[in-house]
Amino acid sequence: MESNNVKEQDFLVASILQLSISNISSPPMVARLSSQSVRFVIESGSKDEFQFDLRDCQLFKLGPLQSLFVSESAAHKTDDICNKSFSKGLTVQFRNEEESNAFHSAFEQFKLEITTQGLSLPNEYPSSTKNKFDDKTELSSSKMYFHYYGQLLHQQNMLQDYVRTGTYYAAILENLVDFTDRIVVDVGAGSGILSLFAAQAGAKHVYAVEASEMAEYARKLIAGNPSLSQRITIIKGKVEEVELPEKADILISEPIGTLLVNERMLESYIIARDRFLIPSGKMFPAVGRIHMAPFSDEYLYIEIANKALFWQQQNYYGVNLTTLHGTAFQGYFSQPVVDAFDPRLLVAPAISHIIDFTSTQEEDLYEIDIPLRYISSIGARVHGLACWFDVLFNGSNVQRCLTTSPGAPTTHWYQLRCVLAQPIYVMPGQEITGRLHMVAHKAQSYTLYLTLSAKACGPGADEGAILQTSSGKLDLKEPYYRMSQPQAYPVTQEQQPSQLLQIQDLHMQTQDEEGSDLLQQVM
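Residues numbered from 1 in each chain as written. Predicted model: local features only at pLDDT ≥ 70, side-chain atom pairs only at ≥ 80, totals over all residues. Heavy atoms only, no water.

Chemist: Help me understand the overall build of the protein chain in this model?
Modeler: The secondary structure content of the protein chain amounts to 14 helices and 24 strands. Relative to its 523 residues, the protein chain shows a buried fraction of 52%. Counted over contacts in the protein chain with a minimum sequence separation of 6, partners at least 24 positions apart contribute 73%. Surface summary for the protein chain: the accessible area is close to 23,200 Å², and the carbon and sulfur share equals 50%. (Helix = DSSP H or I, 4+ residues; strand = E, 2+ residues; numbered from the N terminus. Buried < 20%, exposed > 50% of the residue type's maximum accessible area, 1.4 Å probe, protein only. Contact = heavy atoms within 4.5 Å. Areas by Shrake-Rupley, 256 points an atom, 1.4 Å probe, with all protein chains shown as cover.)

The following block contains the structure:
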C-alpha cells in the first residue's frame, strides 16, 4: 500500500480530555488524520492543538462514544510550548456512535499503511500484526479462554476465594511505600479488584489491562468507586499488543493457573515486565514455587481404575466393548486430579522448583524439566506425584506468601495429583528418583511426562540399580476436577504432616526484624 493511497481525513469530535491533567473538557474539535499523524484542532481557529505521531500512538474504544489515545511521545503545541516531547493520553468524546466507528476504521487503515511501510512502533509489537500470544495459541483455545474470564460468575468464584483475595489485599495494603505515588500496571486485570487495591494504597495512576469482555464490567465497577476511579484507566487488549503512555514502577497480576503454570499467563506477565516495567521496578508477586512429593492413596487409585470398568462389558446392547478398555484405562490416568488431600498421604518430604518472575525469560516456560529425588519415610505403594504451589510477594515492609499447600486453607486452585497407572512399591528409607517434564502446547497448557523409579536398597543390593519404574503422560488442560475435601484417613503412617510440609514453614518478617530477606531464603 503506497502512502498516497490514503488521503487526509477530518472528523468532528465533541471534546477531548487530557489524562491526569484536568477534569475540564475541551470545546468541540476536529480530529485530523493523515499518513503520519493525528491532530486535534479547535474549530474556532485557535493555535492550540494536540498532535500524535501515528508510529507510536494507540487508540482504544472505552465505550460507544468514548475512546482513549495514548502515545509514548506526543507533542502539545501552543503559543508557549512547541515541540516539547512527553508521554500523553487523551480521552476523546465523539458526537455519535457512527462518527466514532468511522474514526476507528480510518485510524486502523492509516496504522496499517505505516506498518506495511516497515516503520517501528514502541514496545516492540505493532498492534496490526500478529503478536506473540496469537503465534503460540490456538484460536479456539484463546476464544474459550477469554469467553470464560469475561463472565461475572467466574470472576465471583475467584473473588470469593478469600485466601487468594485476602492475601493480595494484605500484600498491597501492608506495603504502601511500594505503591504510594507510583505508576502501576495491572496485568490481566479481570474485574479490576487489584487495580482498586493499588489505588487504595495510594498509586498515582493504575493502568488495568484486560483482553476479555470483563474489561467493560471492570470499567463499571471502578466507576462505582469515584474516590478511586480518577486514578485508574482500563485498557482493553492483550499485554502483548497494547501501548501505555508511561512505564510502570510496579506490576500487579494474578497470572496463576493450576500447578502455577496452567493457562500460560505467566508468559504474558513476563512479557509485560519486559515491555512496561522500569529496570528497578517491583513485581507482585515476584516468585512462584512448585512443590512436589510422592503420595499413596489407594482410594483414589481404585476410583480412577474403576471408571474404565464400563468398557469391560461384552454384551452392551449386543455390542462387545472390551477392545476399548485399555485405551479408556490409560485415558483416565492421563487426567491430573484436582482436589484437596490429606498431607498424611505423602510418603516423603516435598522438593521445590522455583520460578523467579523478575528474571525468568518467557522461553524458559516453554519447557520445564524437574529432576525428582526422595527418601521414602514409610513403606507404601506409591501411586504418583502430588503437587501444589505458592507465590511470594516481596514487599518493602511486609512479605506475604499465598500458598495452596495441603493442610492449609483450601483455595479455588486446590492441589493437583498425577496418578500413575502402575504404582511402585517402596520401603522405609528407600530412594525414589524420577523426572517431571512439562512441555507447553498451543491450548494454553502443558503436557506432563512423569517418571518415578524405586532404587535398590539394603544389604547386598546393587547400588543405584532400579527395581521398578512407572511412567505416565498427562494433559494439564484436561484435569479430573474431583475437588473433594480431604478424607479422614486413620493415623497409621509414621510421619506427621509437619514433617512432610516443612518447606512451607516460612517466617514472614518485616525489614525491622533480624534475618535475611524472605526471597534470599527461598533462592
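Here the narrative resumes.
Chemist: Explain the pattern of salt bridges here, please?
Modeler: Think of it this way: side chains of opposite charge can pair up when their charged atoms draw near. Summed over all chains, the structure comprises 22 salt bridges. In this structure, Asp-274 engages Arg-273 in a salt bridge whose closest nitrogen and oxygen atoms are separated by 2.9 Å. A salt bridge links Arg-344 to Asp-342; its shortest N-O distance comes to 2.8 Å. Taken together, the salt bridges that share partners define one network made up of Lys-132, Lys-136, Arg-264, Glu-267, Glu-362 and Glu-363. (Salt bridge = Lys/Arg side-chain N within 4 Å of Asp/Glu carboxyl O.)

Chemist: What's the story with a nonpolar patch on the surface in this structure? I'm lost.
Modeler: Taken together, the side chains of Phe-310, Tyr-316, Tyr-317 and Val-319 define a hydrophobic patch exposed on the protein surface, amounting to about 440 Å² of accessible area. With respect to the helices and strands, the residue Tyr-317 is situated in the loop between helix H11 (298-307) and helix H12 (325-333). (Patch = residues over 30% accessible without salt bridge, like charges linked within 9 Å, V, L, I, M, F, W, Y side chains within 5 Å.)

Chemist: So what exactly am I meant to see when it comes to unusual backbone geometry here?
Modeler: Negative phi values dominate among residues other than glycine, just as trans dominates among peptide bonds. With an omega of 5°, the peptide bond running from Phe-284 to Pro-285 counts as cis. If you trace the backbone, Pro-285 turns up in the loop between strand S13 (277-284) and strand S14 (287-295). The backbone phi angle of Leu-259 is positive, close to 60°, even though this residue is not glycine. Mapped onto the elements, Leu-259 comes out in the loop between strand S12 (248-253) and helix H10 (265-276). Overall, the relative accessible area of 4% leaves Leu-259 in the buried class. One non-glycine residue, Leu-260, adopts positive backbone phi at about 75°. Along the chain, Leu-260 falls in the loop between S12 and H10.

Chemist: I would appreciate a short explanation of the sheet that holds strand S9 (residues 183-187) in the present structure.
Modeler: Consider a sheet: its strands pair through backbone hydrogen bonds, and that pairing is either parallel or antiparallel. Read across the sheet, five strands follow the order S11-S10-S9-S12-S13 without closing on themselves; strand pairing throughout is parallel. Edge strands, defined here as strands with exactly one partner in the open sheet, are strand S11 (232-236) and S13. Across this sheet, the average inter-strand angle for adjacent strands is 25°, counted without regard to direction. The sheet contact formed by strand S10 (residues 205-210) and S11 spans five bridges and is parallel. (Pairing = 2+ DSSP bridges. Axes fitted to C-alpha atoms, helices over the stretch in contact; angles between N-to-C directions.)

Chemist: Is there a simple way to explain the pairing of strand S19 (residues 399-403) in this structure?
Modeler: Of all the five residues making up S19, four are buried; the element is thus mostly covered by neighbouring parts of the structure. Bridging between strand S18 (residues 380-394) and S19 involves five bridges; their strand directions are antiparallel. Following the sheet pairing, Val-391 is matched in S19 by Leu-402. Here S18 folds back onto S19, and the loop between the two strands holds four residues.

Chemist: What is the right way to read the sheet that holds strand S22 (residues 445-455) from this model?
Modeler: A sheet is described by the order of its strands in space; here four strands give the open sequence S17-S21-S22-S23, paired in antiparallel fashion. In this open sheet, the two strands that pair with only one neighbour each are strand S17 (367-375) and strand S23 (466-475). Between one strand and the next, the sheet's axes are offset by a mean angle of 10°, whatever the strand orientation. Pairing between S17 and strand S21 (residues 431-441): nine bridges, direction antiparallel. Looking across to S21, one finds that Tyr-374 is bridged to Ile-432.

Chemist: Looking at this structure, how should I read the packing of aromatic side chains?
Modeler: Each pair of aromatic rings is reported with the distance of its centres and the angle of its planes. The full count for this structure, using the stated rule, is 17 aromatic pairs. Ring geometry for Tyr-169 versus Phe-197: centroids 5.0 Å apart, planes at 75°, classification edge-to-face. Taken as a pair, Tyr-169 in helix H5 (residues 162-173) and Phe-197 in helix H7 (residues 193-200) lie far apart in primary sequence, 28 residues in all. The exposure class of Phe-197 is buried, given its relative accessible area of 7%. On the basis of an interplanar angle of 70° and a centroid distance of 5.3 Å, the ring pair of Phe-310 and Tyr-316 is categorised as edge-to-face. One aromatic cluster in this structure is built from Phe-133, Tyr-145, Phe-146, Tyr-148 and Tyr-149. Note that Arg-381 overlies the ring of Tyr-301, its terminal NZ or CZ placed 5.4 Å from the centroid. One residue, Arg-417, lies across the ring of Phe-295, its end atom 5.1 Å from the ring centre. (Phe/Tyr/Trp six-rings, centres within 6.5 Å; stacked < 30°, edge-to-face > 60°. Lys NZ or Arg CZ within 6 Å of the ring centre and 35° of its normal.)

Chemist: Help me out: how do you make sense of the side chain of Lys-455 in this one?
Modeler: On the secondary structure map, Lys-455 appears in strand S22. The side chain of Lys-455 is buried and forms no salt bridge, while Glu-431, the nearest opposite charge, is found at 4.0 Å. Residue contacts for Lys-455: discarding those within four places in its chain leaves Gln-430, Glu-431, Thr-433, Gly-464, Ala-465, Ile-466 and Leu-467. (Lys, Arg positive; Asp, Glu negative; His and termini not counted.)

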